[in-house]
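Structural overview for review
Here is what each chain is made of, one letter per residue.
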Amino acid sequence: MDAIDLLARCYPFHQSETQELLSLKTKIDTRECKRGQTLLRRVANQPDKWTYLLSGSAELRRSFFDRETLQ
């Protein structure tokens, strides 16, 4: 499955026309991550970057004791 097909499954992009999605193709970064790998860190200078977890699970750590599993 390519990046556009993946994006078309996600909110709010599932409501977009194919041509609109194709215009975003150069701005999409897809990656597969291994168990235990850090997916992302809080960065103040990227306020309009969105991240989607398309399969599997990830642990969201707000602090050492405040953790939540995302699926």
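About the criteria used
Residues numbered from 1 in each chain as written. Predicted model: local features only at pLDDT ≥ 70, side-chain atom pairs only at ≥ 80, totals over all residues. Heavy atoms only, no water. Pairing = 2+ DSSP bridges. Helix = DSSP H or I, 4+ residues; strand = E, 2+ residues; numbered from the N terminus. Buried < 20%, exposed > 50% of the residue type's maximum accessible area, 1.4 Å probe, protein only. Contact = heavy atoms within 4.5 Å. 1 Å grid on protein atoms, 1.4 Å probe; cavity = no way out; pocket = protein on both sides within 12 Å on 5 of 7 lines; lining within 4 Å. Points joined across faces, edges and corners; volume = space filled by probe spheres on them. Nonpolar A, V, L, I, M, F, W, Y, C, P; charged D, E, K, R; others polar. pLDDT = per-residue confidence, 0-100. Disulfide = S-S within 2.5 Å.

A regular strand places its side chains so that they alternate between the two faces of the sheet. Across four bridges, the pairing between strand β1 (residues 58-61) and strand β2 (residues 67-70) is antiparallel. Paired with Arg61 across the two strands is Arg67, which belongs to β2. In textbook terms, the turn of a hairpin is the stretch between consecutive antiparallel strands, and for β1 and β2 this stretch comprises five residues.

The next subject is the environment of Cys10. As for its placement among the helices and strands, Cys10 is situated in the loop between α1 (3-8) and α2 (18-23). Among the residues examined, Cys10 registers a relative accessible area of 8% and is labelled buried. A sequence separation of 42 residues divides Cys10 from Tyr52, and the C-alpha atoms of the two residues are 7.8 Å apart. Leaving out residues up to four positions away in the same chain, Cys10 has contacts with Tyr52 and Leu54.

By volume, the largest pocket amounts to about 2100 Å³. Lining of the largest pocket is provided by 42 residues; of these, Arg31, Leu39, Leu40, Thr51 and Tyr52 occupy positions nearest its centre. For the lining of the largest pocket, the secondary-structure elements that each account for two or more residues are α1 and β1. Looking at the lining of the largest pocket, the element that brings in the most residues is β1, giving four residues. Residues that form the lining of the largest pocket fall into these classes: 19 nonpolar, nine polar and 14 charged.

Let's shift gears to the confidence of the model for the protein. Per-residue confidence for the protein gives a mean pLDDT of 79, with 93% of residues at or over 70. Across the protein, the secondary-structure element scoring lowest on mean pLDDT is α1, at 78, and the one scoring highest is β2, at 83.

Our next topic: the state of the cysteines. Counted by the stated rule, this structure contains zero disulfides. The thiol of Cys33 is not disulfide-bonded; the next cysteine sulfur, from Cys10, is found 15 Å away. Exposure remark for Cys33: the relative accessible area of 32% places this residue in the partly exposed category.

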